[in-house]
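As a plain string of letters, each chain reads:
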Amino acid sequence: MKVAVAFACGVLFAVGLGLSGMLQPAKVLGFLDFFGAWDPTLLFVMCGAIPVYLLAWAARRGRPTVWGSPVPARSNHVLDARLFAGASLFGVGWAFAGVCPGPAVTNLAAPSAFTLSVLASILAGVALSSLVRPRAR
Amino acid sequence: MGAALFGGALIGLAAAGLLVLTGKTAGVSGIVDGVLRGERGEWGWKAAFLLGLVSGGLLLAWRDPTALASAAPRTWPWVIAGGLLVGFGARLGGGCTSGHGVCGVGRGSLRGIVGTTLFIASGALTVLVLRRLA
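Keep in mind that this is a model prediction, so the values were computed, not measured.

K.L.:
Any chance you could explain the overall build of chain A here in plain terms?
P.N.:
Counting its secondary structure elements, chain A contains six helices and zero strands. Helices (α) and strands (β) of chain A occur, in sequence order from the N terminus, as α-α-α-α-α-α. Oriented by its inertia axes, the alpha-carbon framework of chain A measures out at about 45 × 35 × 30 Å. Scored against the burial criterion, the 137 residues of chain A give a buried share of 53%. A separation threshold of at least 6 residues defines the contact pool for chain A, and within that pool the share at least 24 residues apart is 38%.

Structural data, given as structure tokens:
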């Protein structure tokens, strides 16, 4: 059942990405163009997504779930060098390709030389990251 | 703007559904990592979530193919280098746009808020520099 829930959530997530325009690299690059022709679309997407998630978490934090582990009661406040280095590199790559992991996987539904090569390079980057990460988490 | 808010709400609903029904975080880079590593005990739901993303993409391709990406925004070296940095950076920093940006910020996580601020800032700076170079 957990697998079915995850599948359904994945479908809904992808539809949300598509309707909001976030599968288009041009939209992402427009949002990052703060000092040029700024496109605020991604800001509205976050304004739509975060309150919904926040309400759900606030209502259920620490509570058991029907099909898995309890909802985490605490959130992660750890700031370390990995976060600073990783998020900075992520931002640079995001501005190069205009794609982040969710849209990269979703765009597999419309295979093109671009969507396939960006997904393949993201997968390679994820695999390479295991070289600089501790094994167990 | 309305479409972006509505689409965003669906993204939030999907991530919230996964959280309250299974206790899991909808962070796509972490999910991709778990599937690639064949993570014991987590592989099934993670693979199902990714399959759901592609299926949702197929729904979009059927109803509104313009929603999906087609052309590359930059030349190939940028696209490949960008993908590598996105994958590597997301795992090094422990999250991407979904894990830090939606779930982390949505849980009031300092790590998520700082990570999101940082990658938007470094992305904006990169776009600025690339435009100056062009």
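K.L.:
Can you help me understand the nonpolar core in this one?
P.N.:
The nonpolar side chains of soluble globular proteins are, as a tendency, buried together. Formed by 89 residues in total, the largest nonpolar core has its most connected members in Phe-13 and Tyr-53 of chain A together with Ala-15 of chain B. Discounting chain neighbours no more than four positions away, the residues touching Phe-13 of chain A are Gly-102 of chain A together with Ile-11, Ala-14, Ala-15, Ala-26, Leu-53 and Gly-56 of chain B.

K.L.:
In this structure, what is going on with helix H2 (residues 25-32) of chain A? I would like to understand it.
P.N.:
Because each turn of an α-helix spans 3.6 residues, side chains separated by three or four positions in sequence point in the same direction. Buried residues dominate H2 of chain A, accounting for seven of its eight residues. Those residues of H2 of chain A that sit buried are Pro-25, Lys-27, Val-28, Leu-29, Gly-30, Phe-31 and Leu-32 of chain A. At its buried positions, H2 of chain A is contacted by helix H3 (41-60) and helix H4 (81-97) of chain A together with helix H6 (110-133) of chain B.

K.L.:
Help me understand the packing of helix H2 (residues 28-37) of chain B against helix H3 (residues 43-63) of chain B in this model?
P.N.:
Residue and element names in this part refer to chain B. One can describe the packing of H2 onto H3 by two numbers: an axis separation of 9 Å at closest approach and a directional angle of 120°. Viewed along their axes, H2 and H3 adopt a mutual orientation that is oblique. When the axes of H2 and H3 are compared, the crossing they make is left-handed. Counted together, Ile-31, Val-32, Gly-34 and Val-35 of H2 and Trp-43, Lys-46, Ala-47, Phe-49 and Leu-50 of H3 form the full contact between these two elements. Here the contact of H2 with H3 is composed, by residue class, of seven nonpolar, one polar and one charged.

K.L.:
How should the environment of Leu-116 of chain A be read in this particular structure?
P.N.:
Residues and elements named next belong to chain A. As for its placement among the helices and strands, Leu-116 is situated in helix H6 (residues 113-129). Exposure remark for Leu-116: the 13 C-beta atoms within 10 Å place this residue in the partly exposed category. Spatially, the C-alpha atoms of Leu-116 and Ala-104 are 8.4 Å apart, while their sequence positions differ by twelve residues.

K.L.:
Explain the interface of chain A and chain B to me, please; I cannot follow it from the model alone.
P.N.:
Accessible area lost upon the coming together of the parts is a frequently used measure of interface size. The interface is formed by 98 residues belonging to chain A together with 99 residues belonging to chain B. In terms of residue count, the dominant contributor to the side of chain A that touches chain B is helix H1 (residues 2-20) of chain A (18 residues). Along the lines of polarity and charge, the residues of the side of chain A that touches chain B split into 64 nonpolar, 29 polar and five charged.

K.L.:
Any chance you could explain H3 of chain A here in plain terms?
P.N.:
Between its terminal C-alpha atoms H3 of chain A stretches 29 Å, which fits the 28 Å expected from 20 residues at 1.5 Å a residue. Buried residues of H3 of chain A: Thr-41, Leu-42, Phe-44, Val-45, Met-46, Gly-48, Ala-49, Ile-50, Val-52, Tyr-53, Ala-56 and Trp-57 of chain A, and no others. In this fold, the buried residues of H3 of chain A make contact with H1 and H2 of chain A together with helix H1 (2-22) and helix H5 (97-106) of chain B. Gly-62 of chain A occupies a position one or two residues after H3 of chain A and carries a positive phi of about 80°.

K.L.:
Help me out: how do you make sense of the environment of Gly-48 of chain A in this one?
P.N.:
When you line up the elements, Gly-48 of chain A lands in helix H3. Taking the number of C-beta atoms within 10 Å as the measure of exposure, Gly-48 of chain A has 24 and is therefore buried. Sequence spacing of Gly-48 of chain A and Pro-103 of chain A is 55 residues, and the spatial spacing of their C-alpha atoms is 17 Å. Those residues in contact with Gly-48 of chain A, other than ones at most four positions away along the chain, are Ala-4, Leu-5, Phe-6, Gly-7, Gly-8, Ala-9 and Gly-12 of chain B.

The rules behind each value
- Residues numbered from 1 in each chain as written.
- Chains lettered and ligands numbered in written order.
- Predicted model: local features only at pLDDT ≥ 70, side-chain atom pairs only at ≥ 80, totals over all residues.
- Helix = DSSP H or I, 4+ residues; strand = E, 2+ residues; numbered from the N terminus.
- Buried ≥ 20, exposed ≤ 12 C-beta atoms within 10 Å, placed from the backbone.
- Contact = placed C-beta atoms within 7 Å.
- Core = buried A, V, L, I, M, F, W, Y, C linked by C-beta atoms within 7 Å.
- Axes fitted to C-alpha atoms, helices over the stretch in contact; angles between N-to-C directions.
- Parallel < 35°, antiparallel > 145°, perpendicular 65-115°, else oblique.
- Left-handed = near helix turned anticlockwise from the far one by under 90°.
- Nonpolar A, V, L, I, M, F, W, Y, C, P; charged D, E, K, R; others polar.
- Expected span 1.5 Å × (residues − 1).

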